[in-house]
Amino acid sequence: MSFFERNKSRVVLGIVSVLLVVVIALSTIPSLKPNFVSNAVNFVISPIQKGISSVINSVQNFFNVLFNMDEFQAENEQLRQRVVFLESEIRETEELKKENSRLRSMLGMRERMVEYETETAEVIAKDPGNWFVTFTVDKGSSSGVELYDPVITDKGLVGYVSEVNVNSSKVTSIIDSTTSVAANVKRTGDAAVVEGDLKLQEQGRCRMVYVDKGSVITAGDELETSGMGGIYPKGIYIGKVMEITGDGTGLSQQATIEPAVDFDSVSEVFIIIQIE
Amino acid sequence: MNRRKGRYALAYFSLIVALVLQTTLVKEIAIFGISPMLVLVLVVCFSLMNDSIPSAIFAVIAGLLLDVAGNRAFGLNALMMMYLSLGVSTVGREFFQDTSRSAIILVFVGTLLYETVYFICNFLIFGSGHFWYMLWRVTLVEAVYNAILTILVYYYCNKFLKLVVSRSLLD
């Protein structure tokens, strides 16, 4: 009896283990990730995930409306008043835009308006584990989505596209412990980095680090993307400062951030597929 | 023979259903922000009541599906699930009987080990701290949650998936 026959199970186990270790090592190189497997599996399970997510969202919305009827009525009244106010603001802004444009042309300056072309996508699944805050959306390369496209909602920044399949994509959120975003404090103009943190991500929060020791940031300060780093365009709202703490070294400050987006309930996002 | 094939098909179909539920519905029933890992519970129950080789194959495929559903190092879940399954098969055969109580204990211990190794592989090598906090906060809560879920999954496996690889059918 040969060695292989005597230890058949162990040899097979060893070979499979080595193969998987090689696959793990190769998959850490983005261009070598086995997308064909991902494409094939997602092609099968995405429609089922989409169906289940739709049912879950419908049930959640139904109970949300049922239990918060009074609140919605009061909010509706407030929003009506706000619409009237904003309509007059829009008219005023239109006038100012025209005047601004006229003055710019007089001075020979070019417009620096940044416009986004977005693709609306539905969240159909979330990360299966408890360590990462990523989710799957129902738009992929067939809709023009590309790797590292920024993802937003009407409230603010969500994250970036970290994997693209034909009909679906994976989005890594800004509270995931593996991400970081170059940011600006709107009030003071201070530059900082917003990054995910394992402890904070389960509360739907993240932290701001490398804030200059001398800067006077306070709770409630708003943050937006600075445009540095090459993924996110400038001026996307991120969230608010909740609490300021030292970084332990005394060289800079850090803060806990409450993102504008609630990552537990996000169901629809906009993928910025082109920035003009 | 046809019955065995049918049961195999049901086992793998159950795996896909478990994965879909884990990425959708199960996330909505999170406690303290932690959701159970239905696929892991299914793999442990399946491994406890079936032979080691078919269980290991089942576990590798379960792990690969988890790797596809997440977007981290591809193959890590597959490798870990395979060893978890082999561990459950070996320890289960030596020290445990095929009962729901054994399944609950093995799922609890299996989750603790699985998530600790997963945390070490993903975070500690890159210098992330919070080891004890994460072990307590995430892994222990998930282990308890998985153990509770085992009662249902074990019942399902015992009723529908046990005969997949029972010796009488393999012979």
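Conventions and cut-offs
Residues numbered from 1 in each chain as written. Chains lettered and ligands numbered in written order. Predicted model: local features only at pLDDT ≥ 70, side-chain atom pairs only at ≥ 80, totals over all residues. Heavy atoms only, no water. Helix = DSSP H or I, 4+ residues; strand = E, 2+ residues; numbered from the N terminus. Buried < 20%, exposed > 50% of the residue type's maximum accessible area, 1.4 Å probe, protein only. Contact = heavy atoms within 4.5 Å. Areas by Shrake-Rupley, 256 points an atom, 1.4 Å probe, with all protein chains shown as cover. Lys, Arg positive; Asp, Glu negative; His and termini not counted. Charge placed at Lys NZ, Arg CZ, Asp CG, Glu CD. Salt bridge = Lys/Arg side-chain N within 4 Å of Asp/Glu carboxyl O. 1 Å grid on protein atoms, 1.4 Å probe; cavity = no way out; pocket = protein on both sides within 12 Å on 5 of 7 lines; lining within 4 Å. Points joined across faces, edges and corners; volume = space filled by probe spheres on them. Nonpolar A, V, L, I, M, F, W, Y, C, P; charged D, E, K, R; others polar. pLDDT = per-residue confidence, 0-100. Buried area = accessible area lost by both parts, 1.4 Å probe. Pairing = 2+ DSSP bridges. Core = buried A, V, L, I, M, F, W, Y, C linked by side-chain atoms within 4.5 Å. Phe/Tyr/Trp six-rings, centres within 6.5 Å; stacked < 30°, edge-to-face > 60°. Disulfide = S-S within 2.5 Å.

Caption draft 1: Structural context of the overall build of chain A. Broken down by element type, chain A carries five helices and 12 strands. Viewed in the frame of its principal axes, chain A has a C-alpha envelope of about 90 × 50 × 45 Å. Across the 276 residues of chain A, 38% fall into the buried class. The long-range fraction of contacts in chain A, counting pairs at least 24 apart against all pairs at least 6 apart in sequence, stands at 58%. With an accessible surface of roughly 16000 Å², chain A has 57% of that area assigned to carbon and sulfur atoms. Here chain A contributes 26 positively and 38 negatively charged side chains, and the mean placements of these two sets differ by 4 Å.

Caption draft 2: Region of the structure containing unusual backbone geometry. For A:Tyr210, which is not glycine, the phi torsion reads 60° and is therefore positive. Here the phi dihedral of B:Phe32 falls at roughly 55°; this positive angle occurs in a residue that is not glycine. Relative to the assigned elements, B:Phe32 resides in the loop between helix H1 (2-23) and helix H2 (38-49). Taking relative accessible area as the criterion, B:Phe32 reaches 60% and is therefore assigned exposed.

Caption draft 3: Spotlight on the pattern of salt bridges. Residue and element names in this part refer to chain A. A full pass over the atoms with the stated rule returns nine salt bridges over all chains. Note that Glu163 and Lys170 form a salt bridge whose closest N and O atoms lie 3.4 Å from each other. With a relative accessible area of 1%, Lys170 lands in the buried category. Between Asp221 and Arg187 there is a salt bridge whose closest N-O contact spans 2.7 Å. Remark: Arg187 occurs in the loop between strand E6 (180-185) and strand E7 (191-195) and Asp221 occurs in the loop between strand E8 (206-212) and strand E9 (222-225); sequence separation between them is 34 residues. By relative accessible area, Asp221 is classed as buried at 4%. Under the relative-accessibility criterion, Arg187 is labelled partly exposed at 49%. One continuous salt-bridge network, built from bridges that share partners, spans Glu195, Asp197 and Arg207.

Caption draft 4: Representation of empty space enclosed by the protein in the model. Under the criterion given, the structure shown has three cavities of 30 Å³ or more. Taken as a whole, the largest cavity holds about 160 Å³ of empty space. Lining the largest cavity are 19 residues, with A:Asp127, A:Pro128, B:Leu66, B:Asn77 and B:Tyr118 sitting closest to its centre. For the lining of the largest cavity, the secondary structure elements donating two or more residues are helix H3 (52-69), helix H4 (76-95) and helix H5 (100-122) of chain B. Considering each element in turn, the lining of the largest cavity owes the most residues, four residues, to H5(B). Residues that form the lining of the largest cavity fall into these classes: nine nonpolar, six polar and four charged.

Caption draft 5: Main features of the confidence of the model for chain B. All names here are of chain B. For chain B, mean pLDDT is 83; residues scoring 70 or higher make up 89% of the total. Across chain B, H2 holds the top mean pLDDT of 92, while helix H7 (residues 167-170) sits lowest at 40. Overall, residues 164-171 carries pLDDT values under 50, and its contacts beyond four positions in sequence, including any with other chains, amount to 16 contacts.

Caption draft 6: Examining the interface of chain B and chain A more closely. Taken together, the 43 residues of chain B in the interface contact 43 residues of chain A. Buried surface at the junction of chain B and chain A, summed over both partners, amounts to about 3800 Å²; 67% is from carbon and sulfur atoms. The interface formed by chain B and chain A contains two salt bridges. With a closest N to O distance of 2.9 Å, A:Glu202 and B:Arg137 form a salt bridge. Of all elements in the fold, only H1, H3, H4, H5 and helix H6 (131-161) of chain B reach the threshold of two or more residues within the side of chain B that touches chain A. Residue composition of the side of chain B that touches chain A, by class: 25 nonpolar, 12 polar and six charged.

Caption draft 7: A look at the pairing of E9(A). All names here are of chain A. In this structure, E6 lies alongside E9, joined through three bridges in antiparallel fashion. Its bridge partner being in E9, Val185 is matched across the sheet by Leu223. Sheet analysis places E9 next to strand E10 (residues 237-246), joined by three bridges and oriented antiparallel. When the sheet's bridge partners are listed, Leu223 is paired in E10 with Gly239.

Caption draft 8: Looking closely at the nonpolar core. Judged by nonpolar contacts, the single largest core of 60 residues is most densely connected at A:Trp131, B:Val39, B:Leu42, B:Met81, B:Tyr114 and B:Val153. In terms of residue count, the dominant contributor to this core is H2(B) (11 residues). In this structure, A:Tyr160, A:Ala192, A:Ala255 and A:Val266 belong to the second largest nonpolar core, which totals 38 residues.

Caption draft 9: Quick look at the packing of aromatic side chains. As enumerated under the stated definition, the model contains six aromatic pairs over all chains in all. Summarising the aromatic geometry, the rings of A:Trp131 and B:Phe119 are spaced 5.1 Å apart at their centres and angled 40° between planes, so their arrangement reads as tilted. One end of the pair, A:Trp131, is in the loop between strand E1 (116-126) and strand E2 (134-137); the other, B:Phe119, is in helix H5, on a second chain. Each of the two residues, A:Trp131 as well as B:Phe119, counts as buried. Members of the aromatic cluster, connected to one another through ring pairs, are A:Phe132, B:Tyr114 and B:Tyr118.

Caption draft 10: Local environment of the pairing of E6(A). Residues and elements named next belong to chain A. The pairing of E6 with E7 spans five bridges and is antiparallel. Each residue of the ladder has a partner; that of Asn184, found in E7, is Ala191. Counting the residues that bridge the hairpin from E6 to E7 gives five residues, and of these Gly189 lies at a positive phi of roughly 80°.

Caption draft 11: Just the state of the cysteines, in detail. Applying the stated criterion across every chain yields a total of zero disulfides over all chains. B:Cys45 forms no disulfide, and the closest cysteine sulfur to it belongs to B:Cys157, at a distance of 4.9 Å.

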